[in-house]
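Given next are the chains, with one letter for each unit.
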Amino acid sequence: EEEHDRPISPADIVSEGWMTQEDFDICAKAALDVFAFGQKVALERGLILVDTKYEMGKDEETGTIMMIDEMHTPDSSRYWLAHSYEERISRGMEPENIDKEFLRLWFRDNCDPYHDEVLPEAPKELVEELSRRYVSLYEMITWKEFEFDVEAEGHIGEAIQRSV
């Protein structure tokens, strides 16, 4: 049985048959290129894209490798604020972040999110802070004001129903 999200080396990815070396090389280059672009865009907007994950898939019919899922969102990426980075590091402090790391840490301290069947509900103030950070990050990256649609949940549900 495969272990979900386990650490695995590039050599093991190929030797265990998860990917061919050729496909791995294509994915690695794509990931590095997209990450470099993401870092450039983030820095132009006062952010440092620290790390992220990409999900890729291969079309079984065409053999085309595609990036799938979201990219550079706060769910898959960590961002630091560029304006305070140097000063905070020089003082031995953690960089200011604008992602969900604080919520991950809360779960790590209050349960075992990888093994517990039921996770505790996060405190309301943490959920509100996460929402504030996501909106702020959206506005910093897109240079657009976030417009909250109170009817969005209903629209999403309707779209899902039409698609099934």
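Below you will find a few notes about this structure. (Residues numbered from 1 in each chain as written. Predicted model: local features only at pLDDT ≥ 70, side-chain atom pairs only at ≥ 80, totals over all residues. Heavy atoms only, no water.)

Moving on to the overall build of the protein. When helices and strands are counted, the protein shows six helices and four strands. Helices (α) and strands (β) of the protein occur, in sequence order from the N terminus, as α-α-β-β-β-β-α-α-α-α. In terms of overall size, the protein is more extended than a compact globule, its C-alpha atoms giving a radius of gyration of 19 Å where 164 residues would be expected to give roughly 15 Å. Sorting the 164 residues of the protein into buried and exposed places 20% on the buried side. Within the protein, contacts between residues separated by at least 24 positions form 46% of all contacts whose residues are at least 6 apart in sequence. (Helix = DSSP H or I, 4+ residues; strand = E, 2+ residues; numbered from the N terminus. Rg over C-alpha atoms; globule rule 2.2 N^0.38 Å. Buried < 20%, exposed > 50% of the residue type's maximum accessible area, 1.4 Å probe, protein only. Contact = heavy atoms within 4.5 Å.)

Assignment of secondary structure puts His-72 in the loop between β3 (65-68) and β4 (77-81). For His-72, a relative accessible area of 15% corresponds to the buried category. In terms of polar contacts, His-72 uses its side chain to reach the side chain of Tyr-54, at 2.6 Å. In this view, His-72 contacts Val-34, Phe-35, Gly-38, Leu-49, Thr-52, Tyr-54, Ser-77, Tyr-79 and Ile-141; residues no more than four positions away in its chain are not counted. (Polar contact = N/O pair within 3.5 Å; in protein donor to acceptor, adjacent residues only side chain to side chain.)

Here we come to the nonpolar core. Counting residues in each nonpolar core, the largest one holds 10 residues, listed as Ala-31, Phe-35, Ala-42, Leu-47, Leu-49, Tyr-54, Tyr-79, Leu-81, Ile-98 and Leu-137. Every element with two or more residues in this core is listed here: α2 (21-44), β1 (47-52) and β4. With three residues, α2 is the largest single contributor of residues to this core. Not counting residues up to four positions away in its chain, the partners in contact with Leu-49 are Phe-35, Gly-38, Gln-39, Ala-42, His-72, Ser-77, Arg-78 and Tyr-79. Phe-102, Cys-111, Ala-122 and Leu-130 belong to the second-largest nonpolar core, a separate cluster that totals seven residues. (Core = buried A, V, L, I, M, F, W, Y, C linked by side-chain atoms within 4.5 Å.)

Together, Tyr-138, Phe-146, Phe-148 and Val-150 give the surface a local cluster of nonpolar side chains, amounting to about 440 Å² of exposed area. Turning to its location among the elements, Phe-148 is positioned in the loop between α5 (124-142) and α6 (152-163). (Patch = residues over 30% accessible without salt bridge, like charges linked within 9 Å, V, L, I, M, F, W, Y side chains within 5 Å. Areas by Shrake-Rupley, 256 points an atom, 1.4 Å probe, with all protein chains shown as cover. Salt bridge = Lys/Arg side-chain N within 4 Å of Asp/Glu carboxyl O.)

A few words on the pairing of β3. Here four bridges tie strand β2 (residues 55-58) to β3, and the two strands are oriented antiparallel to one another. Bridge pairing in β3 links Glu-55 to Ile-68. In sequence, β2 turns back onto β3 through a hairpin of six residues, with Gly-63 there showing a positive phi of about 80°. (Pairing = 2+ DSSP bridges.)

Those residues of helix α4 (residues 101-110) that sit buried are Phe-102, Leu-103 and Phe-107. Down the axis of α4, the sector holding all buried residues measures 140°, keeping them to one side. When the buried face of α4 is taken as reference, the exposed residues oriented beyond 90 degrees from it are Arg-108 and Asp-109. Elements that come into contact with the buried residues of α4 comprise α5. (Arc of directions from axis to C-beta.)

Quick look at unusual backbone geometry now. The phi torsion at Asp-69 lies on the positive side, around 75°, for a residue other than glycine. Relative to the assigned elements, Asp-69 resides in the loop between β3 and β4. A positive phi angle, close to 60°, is found at Trp-143, a residue other than glycine.

Time to look at the pattern of salt bridges. For the structure shown, the criterion picks out 14 salt bridges. For Glu-44, the salt bridge goes to Lys-40, with nearest N and O atoms at 2.9 Å. Of the two residues, Glu-44 and Lys-40 are both situated in helix α2; the distance of four residues between them amounts to about one turn of the helix. Judged by its relative accessible area of 46%, Glu-44 is partly exposed. A network of salt bridges, in which partner residues are shared, links Lys-40, Glu-44 and Arg-45.

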